[in-house]
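Notes for the structure review
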Amino acid sequence: MQVLKELLRTIISYSKWRTIFALILIAASLYYGWQWVWGALFLLWTFRAWRTNSVYVVEALARDDHPFLFWIIIILWATLSLYLIFADLIMMLGGVPHVYS
């Protein structure tokens with residue numbers, strides 16, 4: 001137990017603990033099949049891009065230089081984040097009822 005506490009103290013004191021936490025969460029999402037984690041990441045990336053007026057998808061794009069692509073990416077990320085979060089939420093609440101004829 002002491003080793004675990006020391007490990008947690010070391011991770012939290014490390015300046016990039018958020019990145020480490022995100023990587024652990026991504027690994028857990030792959031193992032458990034959670035889609036909401038990817039939705040949360042897309043939402044985080046959307047807000048960050050909106051705040052900084054730049055986005056990175058294969059290459060860096062600034063809103064001032066490429067406004068159309070910037071807004072398409074923002075809309076796509078926001079839509080994906082909502083879809084992934086609500087898809088998992090709906091499945092946890094029992095899924096969508098199917099009507100068979």
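What you are looking at is a predicted structure, and each value in this text was computed from that prediction instead of being measured. (Residues numbered from 1 in each chain as written. Predicted model: local features only at pLDDT ≥ 70, side-chain atom pairs only at ≥ 80, totals over all residues. Heavy atoms only, no water.)

What about helix α2 (residues 17-32)?
- Compared with the 22 Å implied by 1.5 Å per residue over 16 residues, the 22 Å span of α2 between its first and last C-alpha is a close match.
- Every buried residue of α2 is accounted for by Ile26, Ala28 and Ser29. Each buried residue of α2 lies within a common arc of 165° when the element is viewed along its axis, so the set occupies one face. Within α2, the exposed residues directed more than 90 degrees away from the buried face are Leu23, Ile24, Leu30 and Tyr31.
- Contact partners of the buried residues in α2: α3 (36-52).
- Of the residues one or two after α2, Gly33 is the one with positive phi, at around 75°. (Helix = DSSP H or I, 4+ residues; strand = E, 2+ residues; numbered from the N terminus. Expected span 1.5 Å × (residues − 1). Buried < 20%, exposed > 50% of the residue type's maximum accessible area, 1.4 Å probe, protein only. Arc of directions from axis to C-beta. Contact = heavy atoms within 4.5 Å.)

Re the layout of surface pockets
- The space that makes up the largest pocket amounts to roughly 410 Å³.
- Around the largest pocket, the lining is made up of 16 residues, and of these Arg18, Thr19, Ala22, Leu41 and Leu44 lie nearest the centre.
- Residue assignment for the lining of the largest pocket shows that the elements contributing at least two residues are α2 and α3.
- Here the element with the most residues in the lining of the largest pocket is α3; it accounts for nine residues.
- Taken together, the residues of the lining of the largest pocket sort by class into 10 nonpolar, two polar and four charged.
- One number sums up the size of the second largest pocket: a volume of about 170 Å³.
- Elements supplying a minimum of two residues to the lining of the second largest pocket: α3 and β1 (54-57).
- Considering every element that reaches the lining of the second largest pocket, the biggest residue donor is α3, with four residues.
- Split by residue class, the lining of the second largest pocket holds five nonpolar, two polar and one charged. (1 Å grid on protein atoms, 1.4 Å probe; cavity = no way out; pocket = protein on both sides within 12 Å on 5 of 7 lines; lining within 4 Å. Points joined across faces, edges and corners; volume = space filled by probe spheres on them. Nonpolar A, V, L, I, M, F, W, Y, C, P; charged D, E, K, R; others polar.)

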